[in-house]
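Below, each chain spelled out in residue letters.
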Amino acid sequence: TKLKEFCFLFEPLLTGKYGNGTLKIAVKNFRKADGDVDFEDKIENYSSVFDGLCSQNREKELAQKISSRLGRLIGRNTEEASNIKEQQRDFYRVRGKVTHGRELKRPVEMHTITRCREWARKAILLYSLVCTAKSHEEVVSCMDKNSWNPEDRKRLDYAIRTLYS
């Protein structure tokens, strides 16, 4: 039964149905961030992962929308989604400092990077489970509404239980 659950969960990946190109770009940016030695480059690359998975073209208040969507995608419940949203907004403040050349407080902000790496990993996995038969816009719309079809919800719930156990 564990193998059956695993195959159901990862069927899109096992069969090569990767959905839209957004996932490929997110994985590429994640790998770049992992390989970067420079703190500032890591921030930019993780930011690109979140922007790519959780945004659409020509949106206003982008950081707020991405933070909310990320929380709804990877949070186990409403409270955790809200905490992720708030902590992700801290990440965007750090990113703003990098973008504008301000000095960073390394110990505090390194913790932010470590947390964002874990969130990027989870977001890529969870996004990959629901993007196979949907356009990127449809996936983002599901994140906005926190509304998934039953098969996607089952995949997400199983993956979340596995990721957090």
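Residues numbered from 1 in each chain as written. Predicted model: local features only at pLDDT ≥ 70, side-chain atom pairs only at ≥ 80, totals over all residues. Heavy atoms only, no water.

### Points about the confidence of the model for the protein chain
Next up, step 1: Across the protein chain, the average pLDDT comes to 82, with 85% of residues at or above 70.
Next up, step 2: Per-element confidence in the protein chain ranges from a low mean pLDDT of 57 for helix α1 (residues 2–14) to a high of 92 for helix α4 (residues 62–74). (pLDDT = per-residue confidence, 0-100. Helix = DSSP H or I, 4+ residues; strand = E, 2+ residues; numbered from the N terminus.)

### Some details on helix α8 (residues 150–163)
Given 3.6 residues to a turn, an α-helix orients residues that are three or four positions apart in the same direction.
Next up, step 1: When the terminal C-alpha atoms of α8 are compared, their 20 Å separation across 14 residues agrees well with the 20 Å that a helix rising 1.5 Å per residue should span.
Next up, step 2: At the N-terminal boundary of α8, the capping side chain belongs to Asn149, with an oxygen 3.0 Å from the backbone nitrogen of Glu151. (Expected span 1.5 Å × (residues − 1). Polar contact = N/O pair within 3.5 Å; in protein donor to acceptor, adjacent residues only side chain to side chain.)

### Re the pattern of salt bridges
Next up, step 1: As enumerated under the stated definition, the model contains 12 salt bridges in all.
Next up, step 2: Notably, a salt bridge pairs Arg95 with Glu44, separated by 3.8 Å at the nearest N-O pair. Taken together, the residues span a long stretch of sequence, with Arg95 in helix α5 (residues 78–99) and Glu44 in helix α3 (residues 39–54) at a distance of 51 residues.
Next up, step 3: For Glu44, a relative accessible area of 27% translates into the label partly exposed.
Next up, step 4: Salt-bridge contacts for Asp144 lead to Arg69; the nearest nitrogen and oxygen are separated by 2.6 Å. Linking Asp144 in helix α7 (residues 136–145) with Arg69 in helix α4, this pair joins segments that are 75 residues apart in sequence.
Next up, step 5: Among the ionic contacts, a cluster of salt bridges with common partners joins Glu44, Asp51 and Arg95. (Salt bridge = Lys/Arg side-chain N within 4 Å of Asp/Glu carboxyl O. Buried < 20%, exposed > 50% of the residue type's maximum accessible area, 1.4 Å probe, protein only.)

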